[in-house]
Amino acid sequence: MKIFFFKILVSLILISCSSDESQKSEPDSVNNTPTTTTQEMLNSNDGVQKLITTGNENNYTFTVTLKSPDTGCDQYADWWEVIDLEGNLIYRRILAHSHVNEQPFTRSGGKVAIAATTEVIIRGHMNSSGYLPQILKGTITDGFTEEVFDTEKFASTATKGNLPDACAF
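Summarised in this report is the structure supplied together with it. Predicted model, so just to flag it, every value in this text is computed and none were measured.

Helix and strand counts for the chain stand at one helix and ten strands. Counting helices and strands in the order they occur from the N terminus, the chain gives α-β-β-β-β-β-β-β-β-β-β. Split into buried and exposed, the 169 residues of the chain put 39% on the buried side. Taking contacts inside the chain between residues at least 6 apart in sequence as the whole, the part at least 24 apart equals 54%. Counting every atom, the chain has about 9,200 Å² of accessible surface; 54% of that belongs to carbon and sulfur.

Aromatic ring pairs are defined here through the distance separating the ring centres and the angle between the ring planes. Using the criterion set out here, one finds three aromatic pairs in the structure. Where Trp80 meets Tyr91, the ring centres are 5.7 Å apart and the plane angle is 45°; that geometry is what we call tilted. On the criterion of sequence distance, the pair formed by Trp80 in strand 4 (residues 77-84) and Tyr91 in strand 5 (residues 89-94) is long-range, its members being eleven residues apart. Grouping residues by exposure puts Trp80 and Tyr91 together as buried. Its guanidinium or amino end placed over the ring of Trp79, Arg92 lies 4.1 Å from that ring's centre, counting from NZ or CZ. Just above the ring of Tyr131 sits the side chain of Arg123; from NZ or CZ to the centre is 3.5 Å.

Burial analysis of strand 2 (residues 47-56) places seven of its ten residues in the buried class, the great majority of the element. Connecting the antiparallel pair strand 2 and strand 3 (residues 59-67) is a turn made up of two residues, with Asn58 showing a positive phi of about 65°.

What follows is about unusual backbone geometry. Residue Pro104 is bonded to the preceding Gln103 through a cis peptide linkage, with omega at -15°. If you check the backbone angles, Asn58 has positive phi at about 65° while not being a glycine. Mapped onto the fold, Asn58 is located in the loop between strand 2 and strand 3. Phi at Phe154 takes a positive value of approximately 60°, unusual for a residue other than glycine. Secondary-structure assignment places Phe154 in the segment after strand 10 (143-148). A relative accessible area of 19% places Phe154 in the buried class.

Criteria and thresholds
- Residues numbered from 1 in each chain as written.
- Predicted model: local features only at pLDDT ≥ 70, side-chain atom pairs only at ≥ 80, totals over all residues.
- Heavy atoms only, no water.
- Helix = DSSP H or I, 4+ residues; strand = E, 2+ residues; numbered from the N terminus.
- Buried < 20%, exposed > 50% of the residue type's maximum accessible area, 1.4 Å probe, protein only.
- Contact = heavy atoms within 4.5 Å.
- Areas by Shrake-Rupley, 256 points an atom, 1.4 Å probe, with all protein chains shown as cover.
- Phe/Tyr/Trp six-rings, centres within 6.5 Å; stacked < 30°, edge-to-face > 60°.
- Lys NZ or Arg CZ within 6 Å of the ring centre and 35° of its normal.
- Pairing = 2+ DSSP bridges.

This is the structure in structure tokens:
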């Protein structure tokens, strides 16, 4: 009997380990089950390296992994943000300190109020040099693709919304 349960447990572990890391799941509209998507980058450019989204329409949590050339409070990633394709700020997650010894690093934020089909850009920002080049672009429904983005495009967004007060360390 113990061997039977052990075989079932091993089978379940093997099945869960073989799942695709970049898969997306559709929301269960009948039960309003939250959607979860994961997208991981394959290159090493500074910027967004990984994205996990969870939640329901107009109430998503984004978990973003950034790689940034932090050196301390003189140069650090001070936020990541979600914008629409016109450059309108949808959500900004302030990063209160540098991550010199923690690269890449991951921080979550939300409530990101978008529809599952709204195409958005997720990008990181440096306090000293502006936006990082590696972004993700896409939708919750269709997934996200990595792009190297013009860091000057929609640069005026950097003066909008909530902004960091100062670097803690």
